[in-house]
Each structure stands twice: as structure tokens, then as C-alpha cells.
Amino acid sequence: MTEELSPDLVLLWRLRETPKRGPKPGLMVDDIVTAAVEVADAEGLDAVSMARVAAHLGNSTMALYRHIKSKRELLMLMADAALEEPPEFPADADWRAGMTLWARGVFAAVSRHRWFVHIPISAPPFGPRNLMWFDRALGTLRGLDLPHEIKYSLVMGLVTYVQGGYRLALDLAAGYAENPAPFSGSYAAGLRKVVDPHQLPALAEMVADGFFEGAEDFEPSDTGDFDFGLSVYLDGVAAQIERFTR
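Note that the structure is a prediction, hence the values are computed from the model and not measured. (Residues numbered from 1 in each chain as written. Predicted model: local features only at pLDDT ≥ 70, side-chain atom pairs only at ≥ 80, totals over all residues. Heavy atoms only, no water.)

(A) Structural context of the pattern of salt bridges. The full count for this structure, using the stated rule, is 8 salt bridges. The salt bridge involving E43 is made with R52; its shortest N-O contact spans 2.5 Å. Taking the relative accessible area as the measure of exposure, E43 reaches 44% and is therefore partly exposed. We classify R52 as partly exposed; its relative accessible area is 27%. A salt bridge links R192 to E213; its shortest N-O distance comes to 2.4 Å. (Salt bridge = Lys/Arg side-chain N within 4 Å of Asp/Glu carboxyl O. Buried < 20%, exposed > 50% of the residue type's maximum accessible area, 1.4 Å probe, protein only.)

Next up, the structure:
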């Protein structure tokens, strides 16, 4: 049966047949993935290699290749593992509360493994945890009389917003940690110097009003922009729901 499935799906769902006889393998896929996540958390994604993970486990590199054939497969497994399991939503939560909890839950999970944002997205979600999160998002709309394609589109719009939001937030936080100078008052001073009101009239108006003078108040852990954007997106979802259910 597994021969008909994608090799990636077989690996993600641990569907490879294991021998029923003989000694139990001393190293399992889950062991390798856990070690790779630990290396990435401590040293960053660039430090992850089959050799580095093998050393972390105290095994030979060839021992890892018996279970995972390439670094691409390892990164795929890590991307699924990083999400952890989604929380259970309150039974009485409406669609908006559910989507809000979902979005903040993804943001929190990714924030615990900041390297996650550097793993390319090259396929639809089909790992166990990715599908659990996808199911939870779809479940927020389950009680509404909406066509499947609308539910799917609303969830994919939420996914797109959340991915962009956490990537921007984590990249800015990393930039601030490395060099806080661009986040200081010098940013506003620089804008005053280069923004021409004839070429950039809308931006110039905000600069003239002193909007960017508070740039030094940047706080990497502040999720205010993310929460505001999420609220605006959900207002749009509400309008679509009303359109299809009225």
C-alpha cells in the first residue's frame, strides 16, 4: 500500500514497514528529528547537517542515512515537528475566537523555534502536525453554512496572513538583536533627510507630523501590529460569511 504513496508522506507519517523479527532498532526517526530541532534551537538552522545531528546523538552519520536519506527530508520533518500539537479550542468559541486562537497559537509555536521561518515552503501541508493545524483552522468554520471552497479560501487567506506576520516579526526581532541602531531615533532623522514630499508625498506627510519619531520605542516581543492586522483580516472574513449566509 505504501508503494502508492509519496515517499515524503510515508516518511512524515512513519508508514515505512519495520521488521517484525529481530532486535528493535536503536535509533528511530523521531530521535533524529528531536536532535535536529535541539541543534537548530541552540545553534540556528545553518548548523543543522546530517553529520552535526549524528554527533549530537553520538551516532555515525551513516546511521542517520538508514532512516532519513537527505537533509531535505530532515528539514521537512523538522518543519512538521516545530509546530507542536495545536491546543484544543473552547467548545463555545465562535469562528472569530477560534481563528484568533489559531493564529496566535501558530505565532507562539513558531516563536519557540525561530529557525522555522527559514525553511522553504515547497508543498501543500501533509505532515501530521501541519494537517492537525489545518484541520483546526477549518474547524473554526465547520458550523457555518458555507461552501467548501469558501471555507478553504478563508483559511488559506488566514494562513497567508499569519505566515507573513510571523516572518516579518521574527526577522525584525533578529535584526534588532544584531543591530538596534536602525530602530532608534536615527531612523526618523534619516527619513527627514531623504524623503522628498514631491516624490513621496504620503510618506512625507507622516514624517512631517513626527510619526516616526517613536521608532526608538520598538519592542521585539510586541505583537500589536500582528494583532491589528489579524483583526482587520477577520473583519473581512466576517463580511464574506455574511455575504454567503444571509
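(B) Structural view of the layout of surface pockets. Considered as a void within the structure, the largest pocket measures approximately 860 Å³ in volume. Lining the largest pocket are 31 residues; nearest its centre among them are I121, A123, P124, P125 and N130. Listing elements by their share of the lining of the largest pocket, those giving two or more residues are α1 (7–12), α5 (71–82), α6 (95–112), α7 (128–139) and α8 (148–178). It is α8 that contributes the most residues to the lining of the largest pocket, 8 residues altogether. Grouping the amino acids of the lining of the largest pocket by side-chain chemistry returns 22 nonpolar, 5 polar and 4 charged. (1 Å grid on protein atoms, 1.4 Å probe; cavity = no way out; pocket = protein on both sides within 12 Å on 5 of 7 lines; lining within 4 Å. Points joined across faces, edges and corners; volume = space filled by probe spheres on them. Helix = DSSP H or I, 4+ residues; strand = E, 2+ residues; numbered from the N terminus. Nonpolar A, V, L, I, M, F, W, Y, C, P; charged D, E, K, R; others polar.)

(C) Up close: the packing of α6 against α8. α8 packs onto α6 with a crossing angle of 35° between their chain directions and a minimal axis gap of 10 Å. In this structure, the crossing between α6 and α8 has a hand that is right-handed. Facing α6, whose interface residues are M99, W102, A103, V106, F107, V110 and S111, α8 presents V155, L158, V159, V162, G165, Y166, A169 and L170. Among the residues making up the contact of α6 with α8, the classes are represented as 13 nonpolar, 2 polar and no charged. (Axes fitted to C-alpha atoms, helices over the stretch in contact; angles between N-to-C directions. Left-handed = near helix turned anticlockwise from the far one by under 90°. Contact = heavy atoms within 4.5 Å.)

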